[in-house]
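Chain residues, written in single-letter form:
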Amino acid sequence: MTAVPEATELDGSGRSAQPRQLIVTVYGLYSRTEGGWLSVASLIDLLAAVGVDEPAVRSSISRLKRRGILEAVRRDATAGYELSDEAREILREGDERIFRRGRATPADGWLLAVFSVPETERHKRHLLRTQLARMGFGTAASGVWIAPAHLHAATEEALTRLGLAGYADLFRADHLAFGDVAAKVRDWWDLDRLDELYTTFLDEHGPALRRKSVTDEQAFADYVRVLTGWRRMPYLDPGLPAEFLPPGWSGIRAAELFFELHAKLETPARAYVARAINLG
């Protein structure tokens, strides 16, 4: 696996989600209690419920294997794949971000990442910028990145894992003077783009909440789609304080929708998976 996984694989993208994104969601939700392993037959059956055919599943598995996200493992002569150690670690970090309900508050302060990379190691500079952006940091100035302070532990772990800790310093900070923080937040993060993504999420997944009754299979399909669509959002918007966001911020409504769907769909979806794996 490359140090910073492609957004098209370990991050979701809503209705246009690729089969490999859906496969990663299924692995992240249901395989880790089995040591990160699923049989090929079970995976094909599960993805069929989400509208992905067998050739697309097999092709996507091959792509994920080449990327080092999945590893081929046979159990009792049954062909299957399990998550790589690094993929499991990234998904573990993702759990903490994806299912975190609270937003930061102004009193929490900020996390500053200040880095300097020699010109001879420009690839590491690019890697560092890419990782900080992937974790939801905004850019306050050249070489100075900013995020809510609650990200300090996850940032320290990620930079250490990637061998980048020697090029950066992390600071807790408070904004003391000069300028309106809400206006600066709009400069540091692309809130217009975030609003578009949140609005799309609401449009795509709102109907799943309005359904009166669903089968376990439909609950599973809806749950995989909504989680795949949501998975990247807490990275693009790292829990920014509501006080610094525009009135009626779409991200708050999108989060409410996600957690309502999570509460509605998680149990029947897991029941469907348990039956499908046993049958597989």
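What you are looking at is a predicted structure, and each value in this text was computed from that prediction instead of being measured.

*Asks:* Go over the sheet that holds strand β3 (residues 78-83), please, and point to the residues and values.
*Replies:* The strand order β1-β3-β2 describes an open sheet built from three strands, whose pairing is antiparallel. Pairing within the sheet leaves two strands with one partner each, and these edge strands are β1 (37-39) and β2 (70-75). With direction set aside, neighbouring strand axes in the sheet form an average angle of 35°. Relative to β3, β2 runs antiparallel, the two being bridged by six bridges. When the sheet's bridge partners are listed, V73 is paired in β3 with G80.

*Asks:* Go over the nonpolar core, please, and point to the residues and values.
*Replies:* Residues I23, V26, L43, L47, V185, F220 and W230 are the most contacted members of the largest nonpolar core, which totals 63 residues. Per-element accounting of this core gives the leading share, 11 residues, to helix α12 (residues 250-279). Counting 17 residues, the second largest nonpolar core, distinct from the first, contains L128, F137, L151 and L164.

*Asks:* Requested: an account of the pattern of salt bridges, with residues and values cited.
*Replies:* Think of it this way: side chains of opposite charge can pair up when their charged atoms draw near. Summed over the entire model, instances satisfying the criterion amount to 16 salt bridges. Measuring nitrogen to oxygen at the nearest pair gives 3.1 Å for the salt bridge that ties R186 to D192. In this structure, the salt-bridge partner of D222 is R225, at a minimum N-O distance of 3.9 Å. Taken together, the residues D222 and R225, both in helix α10 (residues 216-230) and three residues apart, mark about one turn of the helix. Using a relative accessible area of 6% as the deciding quantity, one classes D222 as buried.

*Asks:* Give me the lowdown on the sheet that holds strand β5 (residues 138-141), citing residues and values where you can.
*Replies:* By definition, the strands of a sheet pair up through backbone hydrogen bonds, in either a parallel or an antiparallel sense. Read across the open sheet, the four strands follow the order β5-β6-β4-β7; overall the sheet is antiparallel. The open sheet terminates on both sides in strands that have one partner only, identified here as β5 and β7 (168-173). Across the sheet, the axes of successive neighbouring strands diverge by a mean angle of 30°, strand direction being ignored. Looking at chain direction, strand β4 (residues 110-115) and strand β6 (residues 144-148) are connected through five bridges and run antiparallel. Considered in β6, the bridge of W110 is made with P148. Sitting on the sheet, helix α6 (residues 122-134) is in contact with β4, β6 and β7, with an inclination near 170° to β4.

The rules behind the values
- Residues numbered from 1 in each chain as written.
- Predicted model: local features only at pLDDT ≥ 70, side-chain atom pairs only at ≥ 80, totals over all residues.
- Heavy atoms only, no water.
- Pairing = 2+ DSSP bridges.
- Helix = DSSP H or I, 4+ residues; strand = E, 2+ residues; numbered from the N terminus.
- Axes fitted to C-alpha atoms, helices over the stretch in contact; angles between N-to-C directions.
- Core = buried A, V, L, I, M, F, W, Y, C linked by side-chain atoms within 4.5 Å.
- Buried < 20%, exposed > 50% of the residue type's maximum accessible area, 1.4 Å probe, protein only.
- Salt bridge = Lys/Arg side-chain N within 4 Å of Asp/Glu carboxyl O.
- Contact = heavy atoms within 4.5 Å.

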